[in-house]
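# Observations on the three-dimensional arrangement
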Amino acid sequence: MKKYLGITAALLFNQAASADEARLLNQQPAIAEQTFLVGSWTGEAQGARVQKAFYPSQGIYTVRLAANGSMMPIALTPAQSPSWLTIDATHQRVYVVNEVEDGKVSAYHLEKNGELTLLNTVDSSGMHPTHSALSRDGRYLLVANYSAKDGQAGVSAIPVQSDGRLGKTQQFFPYNQGSNKVAERQSSGHAHSVTFSIDGQYVLAADLGADKIHVYHYDAKAKEPFSLLADKTINFPEGDGPRHSLFSADGKYLYITTEMSAQVKVYAFNQGNAKLLQSETLTDSTNPDDKSGAGLSLSPDGRFLYVGNRGEKNQIVRYAVDKASGKLSDAKNYSAGGVEPRDFTFDATGRYLFVANVYSNNVVEFARDLETGELSPTGATLQIGTPTHIRFVNVGK
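Presented here is a report on the structure given in the accompanying data block.

Reading guide: rules and limits
Residues numbered from 1 in each chain as written. Predicted model: local features only at pLDDT ≥ 70, side-chain atom pairs only at ≥ 80, totals over all residues. Heavy atoms only, no water. Helix = DSSP H or I, 4+ residues; strand = E, 2+ residues; numbered from the N terminus. Rg over C-alpha atoms; globule rule 2.2 N^0.38 Å. Contact = heavy atoms within 4.5 Å. Areas by Shrake-Rupley, 256 points an atom, 1.4 Å probe, with all protein chains shown as cover. Lys, Arg positive; Asp, Glu negative; His and termini not counted. Charge placed at Lys NZ, Arg CZ, Asp CG, Glu CD. Salt bridge = Lys/Arg side-chain N within 4 Å of Asp/Glu carboxyl O. Buried < 20%, exposed > 50% of the residue type's maximum accessible area, 1.4 Å probe, protein only. Pairing = 2+ DSSP bridges. Axes fitted to C-alpha atoms, helices over the stretch in contact; angles between N-to-C directions. Phe/Tyr/Trp six-rings, centres within 6.5 Å; stacked < 30°, edge-to-face > 60°.

## Looking at the overall build of the protein chain
Summing up its helical and strand segments, the protein chain has one helix and 31 strands in all. Taking 2.2 N^0.38 as the reference for a compact globule, 397 residues should give roughly 21 Å; the C-alpha atoms of the protein chain span a radius of gyration of 20 Å, in line with that estimate. Across its three principal axes, the protein chain shows a C-alpha extent of roughly 55 × 45 × 40 Å. For the protein chain, contacts bridging at least 24 residues in sequence account for 52% of all contacts bridging at least 6. When the accessible area of the protein chain is evaluated, it comes to approximately 16300 Å², of which 48% is carbon and sulfur surface. Counting 37 positive and 40 negative side-chain charges, the protein chain places the averaged centre of each group 4 Å from the other.

## A short note on the pattern of salt bridges
Counted under the stated rule, the structure contains 16 salt bridges. Put simply, Arg-310 and Glu-340 hold a salt bridge, and the shortest N to O gap is 3.0 Å. Remark: Glu-340 occurs in the loop between β26 (328–335) and β27 (341–346) and Arg-310 occurs in the loop between β24 (304–309) and β25 (315–321); sequence separation between them is 30 residues. Residue Arg-310 shares its accessibility class with Glu-340, and that shared class is buried. Among the charged side chains, a network of salt bridges with common partners joins Arg-49, Arg-185, Arg-243, Glu-259, Arg-310, Glu-312 and Glu-340.

## So, the environment of Asp-330
Position of Asp-330 among the secondary structure elements: in strand β26. Separated by 13 residues in sequence, Asp-330 and Val-317 place their C-alpha atoms 10.0 Å apart. Once residues within four sequence positions are removed from consideration, Asp-330 is found in contact with Arg-318, Tyr-319 and Ala-320.

## Thoughts on the sheet that holds strand β23 (residues 293–298)
Reading across the sheet, the four strands line up as β23-β24-β25-β26 and stay open at both edges, with antiparallel pairing between neighbours. At either margin of the open sheet sits one strand with a lone partner, and together these are β23 and β26. Averaged over all adjacent pairs, the angle separating strand axes in this sheet is 20°, with direction ignored. Where β24 and β25 come together, six bridges link them in antiparallel fashion. Counterpart to Val-307 in the pairing with β25 is Val-317.

## As for the packing of aromatic side chains
For the coordinates displayed, the defined rule picks out 15 aromatic pairs. Taking the centre distance of 5.1 Å and the plane angle of 50° together, the rings of Phe-36 and Phe-392 count as tilted. Linking Phe-36 in strand β3 (residues 34–40) with Phe-392 in strand β31 (residues 387–393), this pair joins segments that are 356 residues apart in sequence. Grouping residues by exposure puts Phe-36 and Phe-392 together as buried. The interplanar angle of 80° and the centroid separation of 6.1 Å between the aromatic rings of Tyr-140 and Tyr-218 together place this pair among those described as edge-to-face. With Tyr-140 in strand β11 (residues 140–145) and Tyr-218 in strand β16 (residues 212–218), this pair connects stretches of sequence that are 78 residues apart. Tyr-140 sits in the buried class, given a relative accessible area of 7%. Judged by relative accessible area, which is 9%, Tyr-218 ranks as buried. Joined through ring pairs, the aromatic side chains of Phe-36, Tyr-352, Phe-354 and Phe-392 make up one cluster.

## Quick word on the pairing of strand β9 (residues 116–123)
Across seven bridges, the pairing between strand β8 (residues 104–110) and β9 is antiparallel. Within β9, the residue paired with Tyr-108 across the bridge is Leu-118. Following β8, the chain reverses through five residues before pairing antiparallel with β9; Gly-114 in that reversal takes a positive phi of roughly 90°.

## Digging into the sheet that holds strand β20 (residues 253–258)
The strand order β19-β20-β21-β22 describes an open sheet built from four strands, whose pairing is antiparallel. Of all strands in the sheet, those bounded by a partner on one side alone are β19 (242–247) and β22 (273–281). Between one strand axis and the next, the sheet turns by 25° as a mean value, whatever way the strands run. In this structure, strand β21 (residues 263–270) lies alongside β22, joined through eight bridges in antiparallel fashion. When the bridges of β22 are listed, Asn-270 appears paired with Asn-273.

## Focus: the side chain of Thr-257
Turning to its location among the elements, Thr-257 is positioned in strand β20. If we ignore the near neighbours within four places in the chain, the residues touching Thr-257 are Gly-241, Pro-242, Arg-243, His-244, Gln-263, Val-264, Ala-294, Gly-295, Leu-296 and Val-307.

In structure tokens form, the structure reads like this:
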């Protein structure tokens, strides 16, 4: 661990907020000091939409959120493309996928001062791991290996040892067959995310390449704890590209984003069975360049769902949630404040939303109205090279 020295990230604050933004900010009460981690792609990204980073990322950044909403990096953990961060229930362990060709997964201990101490690193058993999730009992880490190359995608089940270290892959489910609808994206399977149901009995694994979400049953006592339930597979129209999944707090409803069709779909979920209730488009545009569904997040009170759309739009879409039916309404779009809003998350109070804009190299802070769900940029922006994921952690306990 290297302590933050002020040379790889910069905190910028733009005081030229609009009158409406200023009014909203003045309504924000002081909050307790909080800490969050920012994962990233290290090195310099390539592509037409990529803005050159002043300081290319070097790993995982620990950031302190002050009572007034200001952000300050306090530590840097050098790591190779730590693009997704999974925190255990005790907030003492952090599991990181290293999104590189020879995929790796690393386990860290979270110190009381917010620094990370490496425990060990193991193979992910695939290429370019992009997502992970812990079983509710903390015994297994599931890893989605996306694999930019054909033939190395799939889901790995990696045991977590009593000291927090990771063992060798115990089960691997290969995703080889794609739907071939979108040639450059679906010539083979591509595991993009893994999500446990609220009761911990089921796992949903999004296969963007095959236009499917595979459903598995989890039995910790079984020799092979994860078993595929082929009859419960969630199928999508060809070319949709399912990306991320999220359950309502009570586990009754499931929200899924699709990447290429840029939609959010609502399902009723019961004992591994998913029934489609609603589909909403993230943009009215028919231009494929405007469609690139990303992450999604429910507000802490469950009243609003926020969904990212990248491409040329670079927006966060807010929906009101009917908790009784799970359905969405009252969509409103907000600029993400940067390019490629891959991930975003709320602070503990739900008064702030933080967006990781990968290609503009910034984490943007929004104030959020608790009653209406409205977002307004505070003007605070943290400059970090190619940020990909944000997770709040409890430290100092």
